[in-house]
Amino acid sequence: DQQVKQNSPSLSVQEGRISILNCDYTNSMFDYFLWYKKYPAEGPTFLISISSIKDKNEDGRFTVFLNKSAKHLSLHIVPSQPGDSAVYFCAASLNRDDKIIFGKGTRLHILP
Amino acid sequence: ETGVTQSPTHLIKTRGQQVTLRCSSQSGHNTVSWYQQALGQGPQFIFQYYREEENGRGNFPPRFSGLQFPNYSSELNVNALELDDSALYLCASSYDRGGFGQFFGPGTRLTVL
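Keep in mind it's a predicted model, so treat the numbers as computed, not measured.

A. Quick peek at the packing of aromatic side chains. Following the criterion strictly, the structure yields 13 aromatic pairs over all chains and no others. On the basis of an interplanar angle of 90 degrees and a centroid distance of 5.7 Å, the ring pair of tyrosine 36 of chain A and phenylalanine 104 of chain B is categorised as edge-to-face. Remark: phenylalanine 104 of chain B occurs in strand S10 (residues 103–104) and tyrosine 36 of chain A occurs in strand S4 (residues 32–38); the pair is interchain, linking two chains. Under the relative-accessibility criterion, tyrosine 36 of chain A is labelled buried at 0%. On the basis of relative accessible area, phenylalanine 104 of chain B is assigned to the buried category, the value being 10%. Arranged with centres 5.4 Å apart and planes meeting at 45 degrees, the rings of tyrosine 35 of chain B and phenylalanine 104 of chain B form a pair that is tilted. Here tyrosine 35 of chain B is found in strand S4 (residues 31–37), whereas its partner phenylalanine 104 of chain B is found in strand S10, with 69 residues between them in sequence. Summarising the burial analysis for this pair, tyrosine 35 of chain B and phenylalanine 104 of chain B share the class buried. Grouping aromatic residues by their ring pairs yields a cluster made of Tyr36, Phe46, Phe89 and Phe102 of chain A together with Tyr35, Phe45 and Phe104 of chain B. Of note, arginine 96 of chain A hangs over the ring of tyrosine 32 of chain A, and the distance from its end group to the ring centre comes to 5.5 Å.

See the structure below:
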């Protein structure tokens, strides 16, 4: 039973354009949402998070949008750079003290 | 400040054997979490230790067990290995309980034949 779903296994975007990665969740009790980035042979690294009381959080080129009614969040990367090519995991948690549940990930390819 | 390290990098075992994976947390981090990442899947939470006591467990059988030591090192033990245990095993450390602020190690790739 996937509580966090990333339905696009891969995404290709031209360098300089906007990358939009999508994520859906089923548990309306989730209070925090996170995005992680993973390069091959490395562990996931934290990118950005958002709590359920907000609908947008921005950090440099990265913005996360949360639509609670649709149980949907998205990560926008503008502008996309070659170093952004990686696997991106969407994750959720019931609260700050609880475990994190990950989606299956989306592989982002930034094309030259 | 050192990062999170894991050993070994790769490991091959046969079905029925036992394996111990090791993790060294960042200094000062009281919490270590272990995850299993099967091919094509996201990391799946196995369990978490906070100050040497188990602080939550995912949907994994008792043959998955762990230990956390005062020197910021920890172990994941898996008994009676099954073919489906083949995966990347990740540990992550953080100062507080839960998953926030956690730093991941590079993982141990376990292959069960």
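B. Representation of the sheet that holds strand S7 (residues 62–67) of chain A within the structure. Residues and elements named next belong to chain A. Strand order in the open sheet formed by five strands is S1-S3-S8-S7-S6, with antiparallel pairing between adjacent strands. Edge positions in the open sheet fall to strand S1 (4–5) and strand S6 (56–59), since each of these has one partner strand only. As paired strands, S7 and strand S8 (residues 72–77) are joined by six bridges and run antiparallel to one another. Bridge pairing links phenylalanine 65 to serine 74 in S8.

Basis of the calculations
Residues numbered from 1 in each chain as written. Chains lettered and ligands numbered in written order. Predicted model: local features only at pLDDT ≥ 70, side-chain atom pairs only at ≥ 80, totals over all residues. Heavy atoms only, no water. Phe/Tyr/Trp six-rings, centres within 6.5 Å; stacked < 30°, edge-to-face > 60°. Helix = DSSP H or I, 4+ residues; strand = E, 2+ residues; numbered from the N terminus. Buried < 20%, exposed > 50% of the residue type's maximum accessible area, 1.4 Å probe, protein only. Lys NZ or Arg CZ within 6 Å of the ring centre and 35° of its normal. Pairing = 2+ DSSP bridges.

Coordinates in, geometry out; function isn't part of it.
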